[in-house]
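Report on the structure
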Amino acid sequence: MLLKAINSLGLEDVKTDKSSLKRVQSYISQQKSLGFHPDDVVIADPSDRIEAQHFQVYSEYQKILKQNTTIDFDDILVYTYKLLTIRPECVSHVKHILVDEFQDTNTIQLKLIFKFTQYCKDNITIVGDADQSIYAFRNASYENFKILEGLALENRREFIKITLDQNYRSTDSILKISESLMRHQEDREDKKLVSNNDKEDPVYYICHKSHDDEPIFIADKISNMLNDTDNNYTPKDFAIIVRVSRTFLSLERELTRNRIPYRIVKGQSFWDLKEISMTVDCLRIIANDDWLAYKRTIDWFAIGCGTKLIEKIETAIFTSESSVESGVVNRVITEFATGIRSGASSKAKASLFHLLSLVNESRTKLMNSDVSDFFNFVTQKFSLVENSLKKKSSSKDDNELKYEITENLSELRKQLEQYNPEEDEQLRKAQEEVFQQLQENNNDAQYIKEENITKDSEENASKEAFLSAFLDHIYLAESIASDDQASQEKDLGKVTLTTIHGSKGLEWPVVILPSLVNNIIPSKFSLTEINPDKKKMSINEERRCFYVALTRSKDHLYLSTYHGDENSYQPVSPSCFLNEIPRDCYHDISPKPNNEMFTSKQFSLNSYRGHKKFTESRMNFAGKPSLGSSSYPSKPAKLVGANGEIYNPVTGALVNVNGAPSKKRRLGMGRPYKQLLPARKK
Ligand SMILES: Nc1ncnc2c1ncn2[C@@H]1O[C@H](COP(=O)(O)OP(=O)(O)OP(=O)(O)O)[C@@H](O)[C@H]1O
């Protein structure tokens, strides 16, 4: 509808520029959050061309909605407010109003609350915590507390304020840290919380030498706590709460290596991020002639190739005599690109041809250069930053989004650079388990497994095999991340990985907060904001985010940060918020330079994993260090539930007591291309 409005006004420049489009959307949403339809809008500066244009689009958009007898999501509140203005008796039956999470209300919601009170006078209770207001980007305002209080006093209404200072969730040390952080927020009412949790564990702070050390520490810490029989923890008692979802990736990898089941809550797995799935698809078509990856790539890369042509290519591949032989996908696409097979327009032919040449060039690059150069070549040739920017839907502005995409791609490049198939023993074992389960349900799995093993042994030395192995490793990580997230049975036995926004209202006995570094929390965009007022507001919002994260923990809290990140484009330093917490509020367990454990030369890149003292204890049967090696001594996690149930160490699925997988569930380890192809001809 919005595009229709822009079209009808002939604003081509707005339609084709994603940033302008976002600004219009945000203008409309903001006006609606204030309760303003075009008739109510007061244009602040009539000479402001942009504001006038936004208003024009808004008016046209509302007109089109009306013509179509449609309302949008934000309209629900605006129309309800208008209805209650002309027909207040609609709420005459309401006796009492209770508003929870009041800090997340916006102006129209506040106005509505007042409309509801028309018949029930003073019977209104609001509950909330101004320190937990973290939805400013949706126009929420913690100022609503003050406004409501002011209005009540102004209208001489009875107003009782009850401060809940008894905290039943967190230990005293956790409350002290949270409170001392929030004292740095100006214009805030101080609280004096009293803890009802008498556990006496201090809050731990650890500053790693490098970003790479952090996930290793976290996975080991969880393993150790799971193995400690004194506290009887199961994976569900742990949460790792992050500010940005790119932090998930290294954590997901390390938890998988340590066979700790996890689930991602209200956040996107790193593998589901648009830029990552698009890049991984490019790598798949370069390495594997993978039709599903081709299909998705053609969709965004090859201009002129519509659904019909894609269907034709698919049918041609599936009906090909040699459908499972390597190269058939490439061959069929070439036939369409060159006109041997009919059905592609000249534009589509040119696009397909361009795609095939890039795949060939990338294959040559893979053979002739190191993985880093190869990766950069692929991202540049396929214009992955620009193309994923077009595909990503987000309320963030383009600069912020571009920065995020670049950082995420550099995280993926790091994964590729650091990937070592020889060391991947634990993952191989995990794969074996999954194959075993698949085999029970599906004979084709045996084929996949055999093919995998033969391929590994035949081609192990080549760069193509390296890339294939890396992509197989990703299949496993993807399937663990997305494996049937809705299953309650399984979720009970998993570590939670979530963003701060996803963690709101929840609590866990053990909370770990990783990547407490500047440019992540506070975000780069709040640190670099030029307008001093906006900057202050934005930093305050970030501080409240940090506060929400801290207060999710009941018994144990770990604050983790680092000094360096080789893959980041800018210097990395611990979050400035950590300076706001007095030193005596936490126990510092950072590696010390004079500590024998941390002085070894082996610590060049990865100071925990390489240490001799602990790698010995984690040698696998072939005498090779396993991927889970670390300076923190740990046994493999024993995944036994509170009632004695045993979990699959990778997927978190319940297994029978003898260790065999429960027949109730099928696991989702997937090589989509092969699974979708017809059964192999015998
Ligand atoms: N009166 C009480 N006695 C014992 N435990 C309580 C009591 N009230 C709350 N709790 C416990 O304290 C914890 C926090 O309570 P609750 O989630 O209701 O707080 P909240 O204010 O909504 O927290 P937040 O907004 O920070 O998420 C929960 O584990 C809850 O069971």
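What this report covers is the structure whose coordinates are included nearby. (Residues numbered from 1 in each chain as written. Predicted model: local features only at pLDDT ≥ 70, side-chain atom pairs only at ≥ 80, totals over all residues. Heavy atoms only, no water.)

Some details on the sheet that holds strand S9 (residues 508–513)
Put simply, the rule is: Two strands form a pair only when DSSP identifies at least two bridges running between them. A run of H or I in DSSP counts as a helix once it spans at least four residues, and a run of E counts as a strand once it spans at least two, with each numbered from the N terminus. Between N-to-C directions, angles span 0 to 180 degrees; the directions come from axes that are lines fitted to C-alpha atoms, helices contributing only their stretch in contact.
What the seven strands build is an open sheet, ordered S7-S8-S6-S9-S10-S5-S11; its pairing is parallel. Each of the sheet's edge strands pairs with one partner strand only, and the pair in question is strand S7 (262–265) and strand S11 (586–588). The average angle at which neighbouring strand axes cross in this sheet is 25°, direction not considered. Bridge count for strand S5 (residues 203–210) against S11 is three bridges, and the pairing is parallel. Bridge pairing in S11 places Tyr204 opposite His587.

Let's talk about the packing of aromatic side chains
For clarity, the cut-off: Working definition: rings of Phe, Tyr and Trp (its six-membered ring) pair if their centres are within 6.5 Å, and the pair is stacked with planes under 30 degrees apart, edge-to-face with planes over 60 apart, and tilted otherwise. The classification of residues rests on relative accessible area computed with a 1.4 Å probe and restricted to protein chains. Under 20% of the type maximum is buried, over 50% is exposed, and intermediate values are partly exposed. Here, over-ring charges are defined by two tests on the NZ atom of lysine or the CZ atom of arginine: distance to the ring centre within 6 Å, and angle to the ring normal within 35 degrees.
As enumerated under the stated definition, the model contains 10 aromatic pairs in all. Ring plane angle 35° and centroid distance 4.9 Å describe the contact between Tyr205 and Tyr586, whose orientation is recorded as tilted. On the criterion of sequence distance, the pair formed by Tyr205 in strand S5 and Tyr586 in strand S11 is long-range, its members being 381 residues apart. Of the two residues, Tyr205 and Tyr586, neither departs from the other in class, the shared state being buried. Taken together, the aromatic side chains of Tyr204, Phe217 and Tyr558 make up a single cluster linked through ring pairs. When the ring centre of Tyr403 is taken as origin, the NZ or CZ atom of Lys524, which lies over that ring, is 4.7 Å away.

Remarks on the site of the ligand
Heads up, the condition is: Any residue with at least one heavy atom within 4 Å of a molecule or strand is counted as near it. Here a polar contact is taken to be a pair of N or O atoms separated by no more than 3.5 Å, where protein atoms must pair a possible hydrogen donor with a possible acceptor and residues adjacent in sequence count only if both atoms sit in side chains. Note that accessible areas follow from Shrake-Rupley with a 1.4 Å probe, and for residues the cover is restricted to the protein chains shown. Classification used: nonpolar for Ala, Val, Leu, Ile, Met, Phe, Trp, Tyr, Cys and Pro, charged for Asp, Glu, Lys and Arg, polar for all others including Gly.
Taken together, Gln132, Tyr168, Arg169, Gly505, Glu507 and Arg552 make up the full set of residues adjacent to the ligand. Contact distances for the ligand include 3.0 Å between an oxygen atom and a side-chain N or O atom of Gln132. Glu507 has a polar side-chain atom sitting 2.5 Å from an oxygen atom of the ligand. The fraction of the free accessible surface of the ligand (630 Å²) that becomes covered by protein chains is 43%. Looking at side-chain class alone, the shell around the ligand contains one nonpolar, two polar and three charged residues.

Topic: the side chain of Ser590
Cut-off, in case you're wondering: By definition, residues are in contact when any of their heavy atoms lie within 4.5 Å.
By the element assignment, Ser590 lies in the loop between S11 and helix H26 (612–615). Among the residues examined, Ser590 registers a relative accessible area of 11% and is labelled buried. A distance of 2.8 Å separates a polar side-chain atom of Ser590 from the backbone nitrogen of Cys207. A distance of 2.5 Å separates polar atoms of two side chains, one belonging to Ser590 and the other to Asp588. The contact partners of Ser590, leaving out residues within four places of it in the chain, are Tyr205, Ile206 and Cys207.

Section: the nonpolar core
Buried together is how nonpolar side chains tend to be arranged in soluble globular proteins. Put simply, the rule reads: As used here, the term nonpolar core means buried Ala, Val, Leu, Ile, Met, Phe, Trp, Tyr and Cys residues forming a set that is joined through side-chain atoms within 4.5 Å.
Counting 58 residues, the largest nonpolar core has Ile298, Ile313, Leu352 and Phe382 as the members making the most contacts within it. A total of eight residues in this core trace back to one element, the largest contributor, which is helix H11 (residues 274–288). Those residues in contact with Leu352 that sit more than four places away from it in its chain are Ile298, Ala302, Cys305, Leu309, Ile313, Ile333, Phe336 and Ala337. If you look at the next biggest cluster of nonpolar residues, it comprises 34 residues, including Leu193, Ala239, Leu513 and Tyr586.

Description of the pairing of strand S3 (residues 166–171)
Convention followed: Handedness is read with the strands pointing away from the viewer; a crossover is right-handed when the path from the first strand over the helix to the second is clockwise.
Looking at chain direction, S3 and strand S4 (residues 194–197) are connected through three bridges and run parallel. The partner of Gln166 across the bridge, within S4, is Val194. In this fold, the crossover linking S3 to S4 by way of helix H8 (residues 172–182) has right-handed handedness.

Some points on helix H4 (residues 49–67)
We count it as follows: One fewer than the residue count of a helix, multiplied by 1.5 Å, yields its expected span.
Under the 1.5 Å per step criterion, the end-to-end length of H4 is 27 Å for 19 residues, consistent within 8% with the ideal 27 Å. Those residues of H4 that sit buried are Glu51, Gln53, His54, Val57, Tyr58, Glu60, Tyr61, Gln62, Ile64 and Leu65. In this structure, the buried residues of H4 make contact with helix H1 (2–8), helix H2 (12–16), helix H3 (18–33) and helix H5 (75–86). With its phi angle positive at about 40°, Thr69 sits one or two positions after the end of H4.

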